[in-house]
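# A look at the structure
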Amino acid sequence: MKNPVAENVAKFLKHFPPFSSMTFEELFSIANLSKIIYLEKNQILFKGGEETHENFYVVKSGAVGLSLTSDAEETLVDKCDEGDILGLRPFFAKNHYLMTAKAREDSIICSVPIAVFEPYITENKEVLKFLLQSFASHTRNPYDKEHSGKLISENMIFAEHTTDIQYFQPIKYTKNPVTANLDDVVMYIAKTMSTSSIGSVIIQKDQLPIGIVTDRDLRSKIATGLFPITITADKIMTAPVITVPENISVAEAQMLMLKYNVGHLCVTKDGTDKSQVTGIISEHDVVAAQANTPGMLLKQTRRAFDAKELKVVRDRMTELIQNSIDKNIPVSHITNIVAEINIAITRRAIELAIQEMGAPAPARFVWLNIGSQGRKEQLLLTDQDNALIFEDIDSNEYETVKSYFLVLADKVVRMLNNVGYEMSPDDVMANNPKWCKSVTDWIKQYNIWINSPEEKTVQLSTLFFDMDFLYGTPEIEQVITDNIEKSIQQNKKFFAYLAADALKNPAPLGFFRQFLVENDGEHKDTFDIKNRALEPLGDAARVLALSHNLVDFTGTYQRFKKLAELEPENEELYTNCADAFNVLMRFRTEEGLISNSDGRYLNLKELSKSDRLKLKNCFQPINEIHDLLKNRFSLTYIN
Amino acid sequence: MALDWLIGTNLPQFWKNYLTHFEKDDNHEVHKRYVVFDMETSGLNWKDDVILSIGAIGINDNAIEIGDFFEIFIKQEKFNSHSVAFSDVIKDDDEKFVEAEAIIQFLNFIKDATLVSHNINLDLEMINQALKRLELGRLKNTFMDTNALFQRWQHHVQDTQVSLDEVCDALKIKKSDRLTASGNAYTTALVFLKLKSKLGI
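First things first, this report covers the structure right here in the doc. (Residues numbered from 1 in each chain as written. Chains lettered and ligands numbered in written order. Predicted model: local features only at pLDDT ≥ 70, side-chain atom pairs only at ≥ 80, totals over all residues. Heavy atoms only, no water.)

## Examining the overall build of chain A
For clarity, the threshold we go by: By the criteria applied, helices consist of DSSP H or I runs no shorter than four residues and strands consist of E runs no shorter than two, each listed in order from the N terminus. To sort residues, take the accessible area from a 1.4 Å probe on protein chains only and compare it with the maximum for the residue type: under 20% means buried, over 50% means exposed, and anything in between is partly exposed. Note on definitions: a residue-residue contact is assigned when non-hydrogen atoms from the two residues lie within 4.5 Å. To measure how exposed things are, a 1.4 Å probe is used in the Shrake-Rupley method; for residues, cover is taken only from the protein chains shown.
A count of helices and strands for chain A gives 25 helices and 21 strands. Looking at chain A as a whole, 53% of its 639 residues qualify as buried. The contacts of chain A with a sequence gap of at least 6 include a subset with a gap of at least 24, amounting to 71%. Total accessible area computed for chain A in this model is approximately 29,200 Å², and 50% of it derives from carbon and sulfur atoms.

Here's what the structure looks like:
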């Protein structure tokens with residue numbers, strides 16, 4: 001019987017490989033057994049970890065995104081549009097999908113039963129060749145600059161890079177771990193541990209994790225005779241226990257263990273200690289998951305005893321970035337790792353400087369990185385921007401204390417400079433008396449910026465709203481952020497100034513959609529990606545995040561992601577901004593690695609045509625976000 | 001003879017078969033089948049005009065089953081120059097069936113599926129008229145109207161007639177192959193899937 005619908009589907013398939021090498025009759029009979037499905041935007045076609053379906057899918061219209069989930073965060077790996085094939089994984093491995101396929105817009109999908117298509121793979125050499133080729137070259141990858149053909153998705157893109165990608169994949173850990181109660185006797189806990197050969201037991205109260213008893217506790221507190229073996233668990237447990245969300249990556253797990261100096265992490269439903277325990281990650285799990293990794297750099301940082309050794313770490317980190325970029329590891333992952341290492345280096349520098357001072361700090365203090373370091377967005381060598389806040393003290397001691405911290409900060413700043421972090425050109429550093437002062441003075445400073453903004457000071461003050469408290473007393477951080485949250489509320493004028501500042505950067509494209517390049521100076525004819533593209537996004541994210549009182553979120557990517565959650569009506573724009581930001585960061589990093597600079601100035605002539613297009617595509621969200629700022633903060637009032 | 005049909009003794013076999021589909025207990029149905037259809041007619045008057053062709057396609061589990069397809073062209077007993085304009089495909093007569101045969105095949109295809117069409121009332125009435133000419137009862141199927149669904153999604157209060165073209169525009173569905181009954185049925189099926197998902201039916 002005739003079937004014009006099947007004929008149309010067959011005609012459609014005929015345009016795309018590998019179907020193009022098949023006859024119309026073959027395609028017609030395949031179409032006859034296929035189905036058409038409709039996906040609402042954000043509807044999930046299949047989920048990573050889910051059992052593979054009996055069908056594979058061809059996008060007929062719309063777009064479907066493929067993403068990997070780890071660290072409880074989705075990373076878009078690929079976007080499939082008309083004619084792209086996805087869900088071919090069952091052909092190669094009959095287990096579970098690796099990635100999640102989710103409609104990025106309303107989409108119409110043709111679903112083809114694998115059993116129907118399978119005979120053609122062996123019969124038709126071209127089909128087989130296509131599948132094998134795209135499988136081997138894993139060409140379908142948006143970060144791949146050289147390749148941009150239409151090829152298969154959701155296959156084995158990462159097959160050859162398993163060792164690298166594993167590091168960013170969710171870690172495997174023990175589910176449903178052994179737990180005990182506060183009043184359980186340690187001897188019985190030890191017996192349970194040895195019979196089930198485990199190294200730790202989580203101590204629960206009301207079904208919530210409040211502590212952990214590990215081999216280490218038994219060794220140091222029981223075996224040494226410090227406590228009798230008949231004592232209850234609450235006396236010797238380590239508390240609180242460090243909790244993490246499910247889906248944490250190997251990298252993240254290792255970072256947290258080093259950060260808190262623990263050997264076990266407790267996995268809970270939502271990652272806090274206020275939810276049910278679902279598993280436990282041990283150091284062994286981390287070691288088993290990877291062999292040779294950036295975690296080693298962190299360890300090395302901790303053991304470094306002078307600037308020279310820290311410099312070795314910093315140099316090796318550049319290699320690590322280069323490798324990660326080559327291997328197409330998502331930029332957001334790279335920046336996370338790099339930020340952690342940068343923080344560790346700074347911390348170590350502070351520790352070493354305190355040792356050098358010969359006297360402990362006379363008051364509690366915090367060290368904060370600000371600007372791009374505060375946003376954790378520096379991939380390559382960038383300037384230092386930092387500040388120091390010490391607790392309020394008697395006015396007659398003020399000068400002595402302040403001079404101690406100025407000397408300390410000077411040592412840190414110089415050491416970091418030796419490691420390779422350039423001095424701040426505007427002298428925004430903790431060894432400057434202006435940026436090294438007490439809590440009260442800082443609150444005054446912030447209130448001036450917030451309550452009486454001026455055009456001149458706005459640009460400087462924005463640096464201080466991207467802050468990362470990386471060393472010292474958490475209470476001081478709390479006081480400062482609480483005060484900021486309180487002061488910025490309903491402060492229209494402040495936001496208007498911030499928003500106006502966000503609109504100041506020069507446009508990336510001219511009237512004819514051509515790139516606007518630098519007219520003169522050292523960087524003549526290059527494109528200033530920092531000033532014209534990255535900064536506008538960063539500035540927009542800041543003002544919008546602050547207007548939602550999101551003082552704790554400082555990364556541009558994280559800010560946009562959070563904004564997308566808070567404003568569902570602008571979700572698409574914010575997501576596009578977040579994605580554009582990552583793409584731009586990648587351009588900048590690659591340029592920086594090639595020219596051994598901070599990557600700010602792109603040489604457009606060296607970019608391929610498709611890269612220039614990719615770059616241009618990032619500018620649309622910038623325009624849209626500018627319009628949103630203008631409307632939301634009524635920018636016609638000032639200027 | 002004709003009266004025998006009406007009291008149910010001498011009903012033709014195809015009609016009996018059709019009716020048995022509705023005897024099943026509804027609760028047992030796990031997979032509900034929908035049939036989206038469209039027809040070309042000689043005009044909009046259900047009393048005088050006749051069906052020229054029918055196209056229909058099945059939906060199961062929120063998926064259009066491309067193979068579950070039906071298309072038929074109907075021989076015209078009286079030539080009506082007016083009607084030719086409506087039908088762009090002039091088929092050879094041997095590819096066409098008489099109305100009675102077309103209706104039999106259509107009933108065999110739809111079984112007890114829920115019928116879906118755009119502005120379904122006219123289409124249903126055309127089929128019921130054809131059934132009446134065979135001295136049979138009316139269609140038993142439940143039905144849904146994509147126009148009504150669209151109104152519901154748009155939260156329109158009063159009934160407005162919106163053409164399939166306009167609905168496609170509003171839902172951003174490509175209006176491909178809108179000239180034949182089967183092409184229309186396919187387009188309507190996409191509209192239906194989309195509205196079904198938006199309305200959570």
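## Quick notes on the packing of aromatic side chains
Residue and element names in this part refer to chain A. Put simply, the rule is: Each Phe, Tyr or Trp ring, with Trp reduced to its six-membered ring, pairs with another whose centre is within 6.5 Å; inter-plane angles below 30 degrees give stacked pairs, above 60 give edge-to-face pairs, and intermediate values give tilted ones. Note on criteria: charge over ring means Lys NZ or Arg CZ within 6 Å of the ring centre, with the direction from the centre no more than 35 degrees off the ring normal.
For the structure shown, the criterion picks out 33 aromatic pairs over all chains. Each ring, one from Phe515 and one from Phe619, has its centre 6.0 Å from the other, and the planes form 80°; the classification is edge-to-face. Taken together, the positions of Phe515 in the loop between helix H20 (492-502) and strand S20 (527-528) and Phe619 in helix H25 (residues 619-632) put the pair 104 residues apart, joining distant regions of the chain. Using a relative accessible area of 2% as the deciding quantity, one classes Phe619 as buried. Put simply, the rings of Trp435, Trp442, Tyr446, Trp449, Phe464, Phe465, Phe494, Phe495 and Phe633 touch in pairs and so form one group of aromatic residues. The ring of Phe12 has Lys60 lying over it, and the distance from NZ or CZ to the ring centre is 5.6 Å. Above the ring of Trp442, the side-chain terminus of Lys437 is found at 5.4 Å from the ring centroid.

## Describing the packing of helix H21 (residues 529-547) of chain A against H25 of chain A
Residues and elements named next belong to chain A. This is how it is decided: Interaxial angle, 0 to 180 degrees, is taken between N-to-C directions of lines fitted to C-alpha atoms, where a helix line uses only the stretch in contact. By the definition used in this description, the sense in which the near helix is turned from the far one sets the handedness, with an anticlockwise turn below a right angle giving left-handed and a clockwise turn giving right-handed. In the scheme used here, Gly and all other residues not listed as nonpolar or charged are polar, with Ala, Val, Leu, Ile, Met, Phe, Trp, Tyr, Cys and Pro taken as nonpolar and Asp, Glu, Lys and Arg as charged.
At a closest axis distance of 10 Å, the pairing of H21 and H25 adopts a crossing angle of 35°. The two elements H21 and H25 cross, and the hand of that crossing is left-handed. Between H21 and H25, the residues in contact are Arg532, Ala533, Pro536, Leu537, Ala540, Val543 and Leu544 and Phe619, Ile622, Ile625, His626, Leu628, Leu629 and Arg632, respectively. Its residues placed into classes, the contact of H21 with H25 shows eleven nonpolar, one polar and two charged.

## Focus on a negative patch on the surface
Residues and elements named next belong to chain A. Note the cut-off: Within the patch definition used here, like charges are joined within 9 Å and nonpolar side chains (Val, Leu, Ile, Met, Phe, Trp, Tyr) within 5 Å, considering only residues with over 30% relative accessible area and no salt bridge. We define a salt bridge as a side-chain nitrogen of Lys or Arg found within 4 Å of a carboxyl oxygen belonging to Asp or Glu. Think of it this way: Lys and Arg go in the positive column, Asp and Glu in the negative one, and His and the chain ends go nowhere. Note on charges: their place is set at NZ of Lys, CZ of Arg, CG of Asp or CD of Glu.
Together, Asp383, Glu422, Asp426 and Asp427 give the surface a local cluster of negative charge. Relative to the helices and strands, Asp383 resides in the loop between helix H15 (371-374) and strand S17 (386-390). Residue Asp383 is classed as partly exposed on the basis of its relative accessible area of 31%.

## Focus on the pairing of strand S1 (residues 33-41) of chain B
All names here are of chain B. Test applied: At least two DSSP bridges between two strands are required for those strands to pair.
Counted residue by residue, S1 has nine buried out of nine residues, so it is predominantly covered. Burial along S1 is two-sided: the face carrying Arg33, Val35, Phe37, Met39 and Thr41 and the face carrying Tyr34, Val36, Asp38 and Glu40 are both buried. In this sheet, strand S2 (residues 51-60) lies alongside S1 in antiparallel orientation, the contact comprising nine bridges. By the bridge assignment, Met39 is partnered in S2 with Ile54. Inspection of the sheet shows S1 paired to strand S4 (residues 114-117) by three bridges, in the parallel sense. From the neighbouring strand, Val36 faces S4, where its bridge partner is Val116.

## Focus: helix H14 (residues 331-357) of chain A
All names here are of chain A. This is how the line gets drawn: Multiplying one less than the number of residues by 1.5 Å gives the expected span of a helix.
Helix length check: H14 (27 residues) gives 39 Å between terminal C-alpha atoms against 39 Å at 1.5 Å per residue, within 8%. With respect to burial, H14 is a largely interior element, 21 of its 27 residues being buried. Gly358 sits one or two positions beyond H14 and adopts a positive phi of about 80°.

## Some details on the interface of chain A and chain B
We count it as follows: By buried area we mean the combined loss of accessible area, with a 1.4 Å probe, across both parts when two parts are placed together. Polar contacts, as used here, are pairs of N or O atoms within 3.5 Å; protein pairs need one atom able to donate a hydrogen and one able to accept it. Residues neighboring in sequence count only if both atoms are side-chain atoms.
Each side of the interface is counted separately: chain A has 19 residues, and chain B has 18 residues. Together chain A and chain B conceal approximately 1,700 Å² of surface at their shared face, both sides included; 61% is due to carbon and sulfur atoms. Interface area lost by chain A to chain B is led by Val5, Ile36 and Tyr38 of chain A, which between them contribute 33%. Our enumeration of links across chain A and chain B arrives at four salt bridges. We note a salt bridge from Glu40 of chain A to Lys198 of chain B, for which the minimum N-O separation is 2.9 Å. Linking chain A with chain B are seven residue pairs in polar contact (both at pLDDT 80 or more). Of all elements in the fold, only helix H1 (4-14), helix H2 (24-32) and strand S1 (35-39) of chain A reach the threshold of two or more residues within the side of chain A that touches chain B. Among the residues making up the side of chain A that touches chain B, the classes are represented as ten nonpolar, four polar and five charged.

## So, the nonpolar core
Condition: Among buried residues, the Ala, Val, Leu, Ile, Met, Phe, Trp, Tyr and Cys ones that are joined through side-chain atoms within 4.5 Å form a nonpolar core. Source of the domain bounds: an automatic or database domain assignment.
In terms of nonpolar packing, the biggest core is built from 117 residues, with Phe405 and Leu615 of chain A touching the most fellow members. Each of domain 2 (174-289) and domain 3 (489-639) of chain A accounts for three or more of the residues forming this core. In this structure, Leu615 of chain A is in contact with Phe515, Ile529, Leu584, Phe587, Leu602, Leu604 and Leu607 of chain A, ignoring residues within four places of it in sequence. With 52 residues, the next largest nonpolar core counts Val5 and Phe12 of chain A together with Tyr186 and Phe192 of chain B among its residues.

## Focus on the environment of Asn147 of chain B
As for its placement among the helices and strands, Asn147 of chain B is situated in helix H6 (residues 146-154). Excluding residues that lie within four positions of it along the chain, Asn147 of chain B makes contacts with His118, Asn119, Thr160, Gln161 and Val162 of chain B.

## Considering helix H7 (residues 164-171) of chain B
Residues and elements named next belong to chain B. Formally: The directions considered for the arc run from the helix axis to the C-beta atoms.
All of the buried residues along H7 are Leu164, Val167, Cys168 and Leu171. Along H7, the residues classed as buried sweep out an arc of 100° about the axis, all on the same side. Its buried side turned inward, H7 meets H6 and helix H8 (181-199). Once H7 finishes, Lys172 follows within two positions and takes phi at roughly 55°, a positive value.

As far as function goes, none of this settles anything; it's purely spatial.
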